[in-house]
Amino acid sequence: MILFPTLPRLVMDSFRKLSNRIAAVQTPVIPQIAALIREHPHCISLGQGVAWYGPPPEAQAALHGFFAEPAHHRYGPVDGIPDLKAVIAQKLSTENGCHGESAGRIIVTAGANMGFLNAVLAIADPGDEIILPSPYYFNQEMAVRIAGCRPVLVPTDDDYGLRLDLLRAAIGERTRAIVTVSPNNPTGAIYPEAVLRAVNALCAEYGLYHISDEAYEYFLFDDARHFSPLAIPDAEEHTIALYSLSKAYGFASWRIGYMVIPAHLHQAIAKIQDTNLICPPLVSQHAAVGALAAGARYCQNKLAVTRRVREGVFAALGQIGDLCVFPRTRGAFYVLLRVTTRLDSLTVAERLIREYGVAVIPGLAFGCTDACALRVAYGALDETTATEGMRRLTRGLRAICRN
């Protein structure tokens, strides 16, 4: 028996119509690259931005007896459990120079990406503008568009440093925030303290928020130093700082990050998080208490391996310096190459996987449309795998660029 008649094609098409807001969002490139990698199982990935290690033993120890407590299987506070907020507040004070009482300004999130979307939804209306230095972290550009806002892309210099003159020129009537990511994804650039202070002052001058993404704060090389705008006196009213356990503590799948916000945004962000998440997973929060007890030294001790891999990456790239430009940036675990070729970056990335068994992320994902750029990620690799991956990459680029 036919319960419903065949619907007209026009009606069927209307069911399939996406919102204009989502239609404007770029399709994530990483799943496309991951699908290609699955088709080529012997491919070495220089694509995914994760650390090579897992969580510290203290994270596992913190879950001892977790499942026996009935309260752990119910909803928790929307902004995070008190024990986790307390250790975060101590960390912010000792490591980031956060002024004054911070516990009431902390929101624990399911990763720093959620914190960024929370911030945009809280401070901006559809049609408002968020300034993103370019190349940008693609999930942030996507979040701005998902919120119905407009990303305003401001070019960086040849070493991927911020251009303060261009940032000022980009400010308009509908600008709500300037975003900085330092250490940077996708470039590895670290913005100097003086520059970050200048950006923060620019935001204060124009009544804007400074969204400071500091997810890679411990990934520093060549005597680089990290600076948090939270340390600037009187900056707490317009500064939103984002942090993550995903990289430093090998916590990528546990989805724990946190944001430090002006007190006047707490109610707005609580509304957003309660609707979207209710509360961060309690099991992940308890594990995070243990991870933070291990402290920054856990990550810093692991950097010895990453540092050796990094040196090998730059040495290998030096052998093809005639084919690409790559500033020796000093943070995170990325290198963004500008490659001399007429091919677009997605085509080059696909050929590298299919023909040479090595994967990178095309620069199109990060807004690099005027030239072929490729992001090389080395944080997930041991020295042997990295050496072979770079051998394949340099061999492939020589062949692709010259032919």
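Here is what the cut-offs are and how they apply
- Residues numbered from 1 in each chain as written.
- Predicted model: local features only at pLDDT ≥ 70, side-chain atom pairs only at ≥ 80, totals over all residues.
- Heavy atoms only, no water.
- Helix = DSSP H or I, 4+ residues; strand = E, 2+ residues; numbered from the N terminus.
- Rg over C-alpha atoms; globule rule 2.2 N^0.38 Å.
- Buried < 20%, exposed > 50% of the residue type's maximum accessible area, 1.4 Å probe, protein only.
- Contact = heavy atoms within 4.5 Å.
- Areas by Shrake-Rupley, 256 points an atom, 1.4 Å probe, with all protein chains shown as cover.
- Lys, Arg positive; Asp, Glu negative; His and termini not counted.
- Charge placed at Lys NZ, Arg CZ, Asp CG, Glu CD.
- Patch = residues over 30% accessible without salt bridge, like charges linked within 9 Å, V, L, I, M, F, W, Y side chains within 5 Å.
- Salt bridge = Lys/Arg side-chain N within 4 Å of Asp/Glu carboxyl O.
- Pairing = 2+ DSSP bridges.
- Axes fitted to C-alpha atoms, helices over the stretch in contact; angles between N-to-C directions.

Draft legend 1. Geometry of the overall build of the chain. Summing up its helical and strand segments, the chain has 14 helices and 13 strands in all. A globule of 403 residues ought to have a C-alpha radius of gyration of about 22 Å, and the chain, at 22 Å, matches this closely. Expressed along its principal axes, the backbone C-alpha trace of the chain runs to roughly 70 × 60 × 55 Å. A total of 403 residues make up the chain; the buried ones form 53% of that total. Long-range pairs, those at least 24 residues apart, make up 76% of the contacts in the chain with a sequence separation of at least 6. With the model as given, the accessible surface of the chain reaches about 18,200 Å², and the carbon-plus-sulfur share is 53%. Computed over 37 positive and 37 negative side-chain charges, the inter-centroid distance for the chain is 6 Å.

Draft legend 2. Structural view of the side chain of Lys-85. With respect to the helices and strands, Lys-85 occurs in helix α5 (residues 82-95). Its relative accessible area of 10% is what places Lys-85 among the buried residues. In this view, Lys-85 contacts Asp-79, Gly-80, Ala-103, Ile-106 and Val-108; residues no more than four positions away in its chain are not counted.

Draft legend 3. View of a nonpolar patch on the surface. A cluster of nonpolar side chains, contributed by Leu-18, Ile-22 and Ile-146, occupies part of the molecular surface with about 250 Å² of accessible area. The topology assignment puts Ile-146 in helix α7 (residues 138-146). Among the residues examined, Ile-146 registers a relative accessible area of 34% and is labelled partly exposed.

Draft legend 4. Fine view of the sheet that holds strand β3 (residues 129-134). Overall, mixed pairing links the seven strands, which are arranged β2-β8-β7-β6-β5-β3-β4 in an open sheet. This sheet does not close on itself; its edge strands, each paired only once, are β2 (106-109) and β4 (150-155). Averaged over all pairs of adjacent strands, the angle between strand axes in this sheet comes to 20°, irrespective of strand direction. Here strand β7 (residues 239-244) pairs with strand β8 (residues 257-260) via four bridges, running antiparallel. The residue of β8 that forms the bridge with Tyr-243 is Tyr-258. Set on the sheet, helix α10 (residues 266-276) makes contact with β2 and β8; between it and β2 the angle comes to about 15°.

Draft legend 5. Here's a closer look at the sheet that holds strand β10 (residues 334-339). Strand order in the open sheet formed by four strands is β9-β10-β13-β12, with antiparallel pairing between adjacent strands. Each end of this open sheet is capped by a strand with a single partner; those strands are β9 (324-325) and β12 (361-362). Two elements, β10 and strand β13 (residues 372-377), share six bridges in a ladder whose sense is antiparallel. Across the sheet, Arg-338 pairs through a bridge with Ala-373, a residue of β13. Set on the sheet, helix α13 (residues 345-356) makes contact with β12 and β13; between it and β13 the angle comes to about 45°.

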